[in-house]
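The lines below spell out each chain.
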Amino acid sequence: MTGKRRVGILISGRGSNMQSLVAAADDPDYPAEVCLVLSNRADAAGLAFAEARNLPTAVVDHRDFSDRAAFDAEVAGRLRQHGAELVACAGFMRILGERLTAEWSGRVLNIHPSLLPCYRGLDTHERALADGVRVHGCTVHFVSPELDAGPIICQAAVPVMADDTPSSLAARVLKAEHAIYPQALAWVASGQVRLENGKVRAPSSGDPDQTLFSPAIRAR
Ligand code: GRF
């Protein structure tokens, strides 16, 4: 018994956020350990990384199931089989239904590339650029049945630069994703952050005087 919470990571593709969680979990003091990397796509690049690290992997292809409930039940079964206590969705491109999210309430996290509740769904960087916002970012939240609408655990704001393209902005946001996801998972795994009556309970932290100005404002 290590005292670490067992986390199953759900992916669909590249898996760079999964890699940031695996790297964080390498630290003996990290409060979670990765017990399973599960993908709904057999060709997800992240699976090769997990296999190379000798982590247990599984593929549950959503196309093999007649409906979402059946797919969710198989995913939940695999998670239980590996003793998962927490679930981290990391670029997992399937919506988890009501039954699974209710059963695992407060134990399923997701990372989303925007400052929620702005830009739920896809193409967040394109939409942020089209709107001309000067500050964009990413969010880790608990998963609820409504897409990208669950209670917020942690956010990072990044500036939008004048010459940004969707891919340059995505790269800046991704760097922040890799910083906040391991931190948010550690808070949940250690019990410092939890879901209570639909709200995130977290110790107050941060510098109340710290503000991100974008573009930067010079003192006159
Ligand atoms: C990330 O931007 C994540 O926020 C979003 O999908 C992307 C997945 O990237 N949900 P990766 O597979 O973690 O590299």
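See the structure above.
Residues numbered from 1 in each chain as written. Predicted model: local features only at pLDDT ≥ 70, side-chain atom pairs only at ≥ 80, totals over all residues. Heavy atoms only, no water.

### Some remarks on the sheet that holds strand β6 (residues 135-142)
On the basis of which strands lie adjacent, the open sheet formed by 7 strands has the order β3-β2-β1-β4-β5-β6-β7 and mixed pairing. Edge strands, defined here as strands with exactly one partner in the open sheet, are β3 (57-59) and β7 (152-159). The sheet shows a mean angle of 20° between the axes of neighbouring strands, direction not considered. In terms of strand pairing, strand β1 (residues 5-11) meets strand β4 (residues 86-89) through 4 bridges, oriented parallel. Residue pairing for β4: G8 is matched across the bridge by V87. Running over the sheet, helix α1 (residues 16-25) touches β1, β2 (32-39), β4 and β5 (108-112) and is turned about 155° from β2. Contacts from helix α2 (residues 45-52) reach β1, β2 and β3 within the one sheet, and its direction differs from that of β3 by about 150°. (Pairing = 2+ DSSP bridges. Helix = DSSP H or I, 4+ residues; strand = E, 2+ residues; numbered from the N terminus. Axes fitted to C-alpha atoms, helices over the stretch in contact; angles between N-to-C directions. Contact = heavy atoms within 4.5 Å.)

### With respect to the nonpolar core
Counting residues in each nonpolar core, the largest one holds 40 residues, and the members touching the most others are I9, V140 and I153. The leading source of residues in this core is helix α6 (residues 166-189), at 10 residues. When neighbours within four sequence positions are excluded, I153 is seen to be in contact with L109, V140, H141, F142, A184, V188, V193 and V200. Residues L10, V75, C89 and L96 belong to the second largest nonpolar core, which totals 19 residues. (Core = buried A, V, L, I, M, F, W, Y, C linked by side-chain atoms within 4.5 Å. Buried < 20%, exposed > 50% of the residue type's maximum accessible area, 1.4 Å probe, protein only.)

### So, the pairing of β5
Buried residues dominate β5, accounting for 5 of its 5 residues. In terms of strand pairing, β4 meets β5 through 3 bridges, oriented parallel. Bridge pairing in β5 links C89 to N110. As for the winding sense of the linkage, the β-α-β connection from β4 through helix α4 (residues 98-103) to β5 is right-handed. Where β5 and β6 come together, 4 bridges link them in antiparallel fashion. Bridge pairing in β6 links H112 to T139. (Right-handed = clockwise from strand over helix to strand, strands pointing away.)

### Some words on the packing of aromatic side chains
Following the criterion strictly, the structure yields 2 aromatic pairs and no others. Pairing F65 with F71 gives two aromatic rings, centres 5.9 Å apart and planes at 70°, and the pair type is edge-to-face. Residue class for F65 comes out partly exposed when judged on its relative accessible area of 25%. The exposure class of F71 is buried, given its relative accessible area of 2%. Seen in terms of ring centroids, F71 and F92 are 6.4 Å apart; in terms of plane orientation they differ by 15°. Their pairing is stacked. Within this pair, whereas F71 is found in helix α3 (residues 68-81), its partner F92 is found in the loop between β4 and α4, the two being separated by 21 residues in sequence. Here F71 and F92 have matching classes, each one buried. Connected via pairs of aromatic rings, a cluster forms that spans F65, F71 and F92. The ring of W104 has R107 lying over it, and the distance from NZ or CZ to the ring centre is 4.4 Å. (Phe/Tyr/Trp six-rings, centres within 6.5 Å; stacked < 30°, edge-to-face > 60°. Lys NZ or Arg CZ within 6 Å of the ring centre and 35° of its normal.)

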